[in-house]
Amino acid sequence: MMIASFPVKALATTALLFSVSAWGDSETHGHMRHDPERTAQETAFGRTGDPKRVARTVRVAMSDNMRFTPAALSVKRGETIRFVVRNEGKIMHEMVLGTEESLAQHAKMMRTSHHMAHDMAHDGTYMLHVAPGKTGEIIWEFSRAGTVRFGCLIPGHFEAGMIGEVRVED
Ligand SMILES: [Cu+2]
């Protein structure tokens with residue numbers, strides 16, 4: 001059955017609303033910088049990184065035993081990281097940055113939506129599909145102290161423990 005483009009877009013919008021509401025709940029103490037050009041990209045877990053400001057490169061491997069290696073790392077607040085993400089398995093994996101809440105909501109949506117909607121929704125600077133044997137990149141600025149999560153939200157993977165964390169130190 002063909003799926004019309006409108007419901008697909010509506011799903012992507014729903015995903016966006018989830019992350020906005022997670023941000024609204026957690027951000028009440030005014031640490032945010034009010035630079036109008038950058039505020040639009042700000043999320044609860046940081047913002048799109050500027051390639052010119054990359055402080056270091058972190059290599060992350062993804063495997064079919066549903067693990068990221070490394071699964072935990074620490075960064076300084078304000079650090080821009082280039083993630084070079086390699087899929088060492090034989091099936092598709094992805095890396096999606098978020099908060100614990102936004103990833104859980106997103107994973108729930110992935111379990112209940114059409115596969116095509118899945119691909120459409122995974123289009124952003126904080127998420128990346130990597131085909132078997134391939135490598136991709138995410139450049140992300142960890143602008144807020146706290147814990148940022150990353151996960152593979154392909155149905156079953158997140159639930160099997162394909163999740164990691166970045167501790168952002170002030
Ligand atoms: Cu996966």
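Up top is the structure these notes are about.
How each quantity is defined
- Residues numbered from 1 in each chain as written.
- Predicted model: local features only at pLDDT ≥ 70, side-chain atom pairs only at ≥ 80, totals over all residues.
- Helix = DSSP H or I, 4+ residues; strand = E, 2+ residues; numbered from the N terminus.
- Buried ≥ 20, exposed ≤ 12 C-beta atoms within 10 Å, placed from the backbone.
- Contact = placed C-beta atoms within 7 Å.
- Pairing = 2+ DSSP bridges.
- Axes fitted to C-alpha atoms, helices over the stretch in contact; angles between N-to-C directions.

Q: I would appreciate a short explanation of the overall build of the protein in the present structure.
A: Helix and strand counts for the protein stand at four helices and 10 strands. Each helix and strand of the protein, ordered N terminal to C terminal, gives the series α-α-β-β-β-β-β-β-α-α-β-β-β-β. Expressed as a percentage of the 170 residues in the protein, the buried residues total 32%. Partitioning the contacts of the protein with sequence separation of at least 6, the portion at a separation of at least 24 is 78%.

Q: How do you make sense of the environment of Val 96 when you look at a structure like this?
A: Turning to its location among the elements, Val 96 is positioned in strand E6 (residues 93-98). Residues Val 96 and His 129 lie 33 residues apart in sequence; the distance between their C-alpha atoms is 8.6 Å. Setting aside chain neighbours within four positions, we find Val 96 in contact with Leu 103, His 106, Tyr 126, Met 127, Phe 150, Gly 151 and Leu 153.

Q: I would appreciate a short explanation of the pairing of strand E5 (residues 80-87) in the present structure.
A: Note on strand geometry: in a regular strand, side chains alternate between the two faces of the sheet. In terms of strand pairing, strand E2 (residues 54-63) meets E5 through eight bridges, oriented parallel. Residue pairing in the sheet places Thr 57 in a bridge with Arg 82 of E5. Bridge count for E5 against strand E8 (residues 135-141) is seven bridges, and the pairing is antiparallel. Residue Arg 86 lies in a different strand from E8, and its bridge partner there is Thr 135.

Q: Would you take a moment to explain the sheet that holds strand E9 (residues 146-151) for this structure?
A: Note: strands within a sheet are paired through backbone hydrogen bonds, in either parallel or antiparallel orientation. Spatially, E4-E10-E9-E6-E7 is the arrangement adopted by the five strands of the open sheet, whose pairing is mixed. Edge positions in the sheet fall to strand E4 (72-76) and strand E7 (127-130), since each has one partner strand and no second. Between one strand and the next, the sheet's axes are offset by a mean angle of 20 degrees, whatever the strand orientation. Set on the sheet, helix H3 (residues 100-112) makes contact with E6 and E9; between it and E6 the angle comes to about 140 degrees.

Q: Explain the sheet that holds E8 here, please?
A: Reading across from one edge, E1-E8-E5-E2-E3 is the order of the five strands in this open sheet, with mixed pairing throughout. Looking at strand neighbours, the two that pair on one side only are strand E1 (47-48) and strand E3 (67-69), the edges of this open sheet. One ladder, built from three bridges, connects E2 with E3; its direction is antiparallel. Bridge assignment links Ala 61 to a residue of E3, and that residue is Thr 69.

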